[in-house]
Amino acid sequence: MYKGKARAHTNIALIKYWGKADETIILPKNNSLSLTLDAFYTETSVCFDKSLTADRFTLDGVLQDEKATQKVSKFLDLFRQKANCTSFAKVESINHVPTAAGLASSASGLCALAGACNQALGLGLSQKELSKIARKGSGSACRSVYGGFVEWEKGYDDDSSYAAPIDSAGFEDELAMIFIVVNQKQKKVSSRDGMKSTVETSGFYPVWLQEAPKDLQAIKQAIYAKDFTKLGQITEANALKMHACTLAAVPPFTYWNAESMLAMDAVRDLRESGLECYFTMDAGPNVKVLCQKKDEAAIFAELSKQFRNEQLIIAHAGVGIEYLEMEVSK
């Protein structure tokens, strides 16, 4: 019996990953850049046991159906092959993130599972190698291996696509992100399906591929210069470009709802009033507000006039993958 347990935090992309060059091994069409956060995380334990007759996957105490379990089994196979392990596994995952609501639950979930498998099977994989494997479970999971600012190099094959941390001289410690949770329900269009439709049908998508590398270069310069204004402006503009692509897909779709629009307007109003902040959104309706720590209390107070306190969550820069315990017996 081989056991492992790991914790991984969510990451929010400031320069978005949108579109796959290879669906099978999840190679993205553009590099992306994210900030790992402390507020949302997943803890996952795995136990490889010769007595089991099938893989079992429990999420938040609920045994998952065949479809969800198959996805996990496919990911476990990557580690079983590396370790020459033939045992089935019991996977127990606790998500301190609403699942499939555009809050990066798949990133923390698959990264935590990768870490737990690495520990349980004694593989001793480096962070770089772990990032490569985590990518195959969920693309953005490769970024959650690290804390702070992280860039995912798109690469051109299985070995060259992985994430790496960006040396920012502690700039991330000056920042905060306030989540405006307008809807925790599972989204109607998954990230996977949304990307595929956008790549195949959106007339704006070729422009996205031209713009994303420019945004990436500019935001890295802003990070190195510790220029919050440029960081925020590029973050907000990049998010809007991504969502514009979905509106131009056939058929068109959007992850926004009415409250998403209200939240974005609230951020613009705050900026005009002198409280500098910027928004970003992933494949879901929830809005993330990027600000400086020195302003977070004032911005939170203003947002709480329009949104309930339970809808507002403050996050700061988070750490990379953490190994929580290891117990090995035979």
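Residues numbered from 1 in each chain as written. Predicted model: local features only at pLDDT ≥ 70, side-chain atom pairs only at ≥ 80, totals over all residues. Heavy atoms only, no water.

- Going by an unreviewed UniProt entry, the protein carries the name diphosphomevalonate decarboxylase and comes from Enterococcus cecorum DSM 20682 = ATCC 43198.
- Checking UniProt for the protein, the heading Sequence similarities (unreviewed entry) contains the comment "Belongs to the diphosphomevalonate decarboxylase family." (UniProt positions renumbered as here; feature names shortened; annotations may be inferred.)

## Digging into the packing of aromatic side chains
Now for step 1: A complete count under the given rule lists seven aromatic pairs for this structure.
Now for step 2: Judged by centre distance (5.6 Å) and plane angle (70 degrees), the rings of Phe75 and Phe79 are edge-to-face. Here the residue Phe75 and the residue Phe79 both occupy positions in helix H1 (residues 66-83), the gap between them amounting to four residues, near one helical turn.
Now for step 3: A relative accessible area of 0% means that Phe79 is categorised as buried.
Now for step 4: Taken together through their ring pairs, the aromatic side chains of Trp18, Phe253 and Tyr255 make up a single cluster. (Phe/Tyr/Trp six-rings, centres within 6.5 Å; stacked < 30°, edge-to-face > 60°. Helix = DSSP H or I, 4+ residues; strand = E, 2+ residues; numbered from the N terminus. Buried < 20%, exposed > 50% of the residue type's maximum accessible area, 1.4 Å probe, protein only.)

## Concerning the domain arrangement of the protein
Now for step 1: Along its sequence, the protein is carved into domain 1 (2-170 + 318-323) and domain 2 (179-313).
Now for step 2: Contacts between the two partners involve 32 residues from domain 1, matched on the other side by 42 residues from domain 2.
Now for step 3: Taken together, the two surfaces of domain 1 and domain 2 that pack against each other cover about 3100 Å², and 70% of this comes from carbon and sulfur.
Now for step 4: One can count two salt bridges joining domain 1 with domain 2.
Now for step 5: One salt bridge connects Glu151 with Lys220, and the closest N-O pair in it is separated by 2.7 Å.
Now for step 6: Counting every contact that joins domain 1 to domain 2 gives nine residue pairs in polar contact (both at pLDDT 80 or more).
Now for step 7: Only strand S1 (2-15), strand S4 (32-49) and strand S8 (149-153) provide two or more residues apiece to the side of domain 1 that touches domain 2.
Now for step 8: Its residues assigned to classes, the side of domain 1 that touches domain 2 comprises 17 nonpolar, eight polar and seven charged. (Domains from an automatic or database assignment. Contact = heavy atoms within 4.5 Å. Buried area = accessible area lost by both parts, 1.4 Å probe. Salt bridge = Lys/Arg side-chain N within 4 Å of Asp/Glu carboxyl O. Polar contact = N/O pair within 3.5 Å; in protein donor to acceptor, adjacent residues only side chain to side chain. Nonpolar A, V, L, I, M, F, W, Y, C, P; charged D, E, K, R; others polar.)

## Description of unusual backbone geometry
Now for step 1: Residues Val250 and Pro251 are joined by a peptide bond in cis, for which omega reads -5 degrees.
Now for step 2: The residue Pro251 is located in the loop between helix H6 (228-247) and helix H7 (258-272) in this model.
Now for step 3: A positive phi is found at Asp60, a non-glycine position, where the angle reads about 50 degrees.
Now for step 4: Of note, Asp60 is situated in the loop between strand S5 (56-59) and strand S6 (62-63).
Now for step 5: With a phi angle near 55 degrees, Lys226 is a residue other than glycine that sits in the positive phi range.

## Thoughts on the UniProt feature "domain: Mvd1 C-terminal" (unreviewed entry) in the protein
Now for step 1: Per the UniProt entry, the sites bearing "domain: Mvd1 C-terminal" (unreviewed entry) are residues 178-311 in this numbering.
Now for step 2: The span residues 178-311 is 56% helix and 9% strand, and its two end C-alpha atoms sit 10 Å from each other.

## Considerations on the packing of H1 against helix H2 (residues 105-120)
Now for step 1: At a minimum axis distance of 10 Å, the contact between H1 and H2 shows a crossing angle of 40 degrees. The orientation of H1 relative to H2 falls into the category oblique. Relative to H2, H1 is oriented so that their crossing is right-handed. Of the residues in H2, those touching H1 at Val72, Phe75, Leu76 and Phe79 are Leu110, Leu113, Ala114, Cys117 and Asn118.
Now for step 2: Residues of the contact of H1 with H2, tallied by class, amount to eight nonpolar, one polar and no charged. (Axes fitted to C-alpha atoms, helices over the stretch in contact; angles between N-to-C directions. Parallel < 35°, antiparallel > 145°, perpendicular 65-115°, else oblique. Left-handed = near helix turned anticlockwise from the far one by under 90°.)

## Points about the sheet that holds strand S13 (residues 312-315)
Now for step 1: What the four strands build is an open sheet, ordered S11-S12-S10-S13; its pairing is antiparallel. Single-partner strands in this sheet number two, and they are strand S11 (278-280) and S13. Ignoring which end each strand starts from, the neighbouring axes of this sheet average 25 degrees apart.
Now for step 2: By the bridge criterion, four bridges tie strand S10 (residues 175-180) to S13 in an arrangement that is antiparallel. (Pairing = 2+ DSSP bridges.)

## Focus on the environment of Glu23
Now for step 1: By the secondary structure assignment, Glu23 is in the loop between strand S2 (20-22) and strand S3 (27-28).
Now for step 2: Residues Glu23 and Lys136, spaced 113 residues apart in sequence, show a C-alpha to C-alpha distance of 9.4 Å.

## Here's the deal with the pattern of salt bridges
Now for step 1: Considering all chains together, one arrives at 21 salt bridges under this definition.
Now for step 2: Across the pair Glu129 and Lys132 runs a salt bridge whose closest N-O atoms are separated by 3.2 Å. Here Glu129 and its partner Lys132 are both found in helix H3 (residues 127-137), three residues apart, which amounts to about one turn of the helix.
Now for step 3: For Glu129, a relative accessible area of 29% puts it in the partly exposed group.
Now for step 4: For Lys132, a relative accessible area of 7% translates into the label buried.
Now for step 5: Between Glu211 and Lys214 there is a salt bridge; the shortest N-O distance is 3.6 Å. Separated by three residues within a single helix, Glu211 and Lys214 lie in helix H5 (residues 205-225), roughly one turn from each other.
Now for step 6: You can call Glu211 partly exposed: its relative accessible area is 23%.

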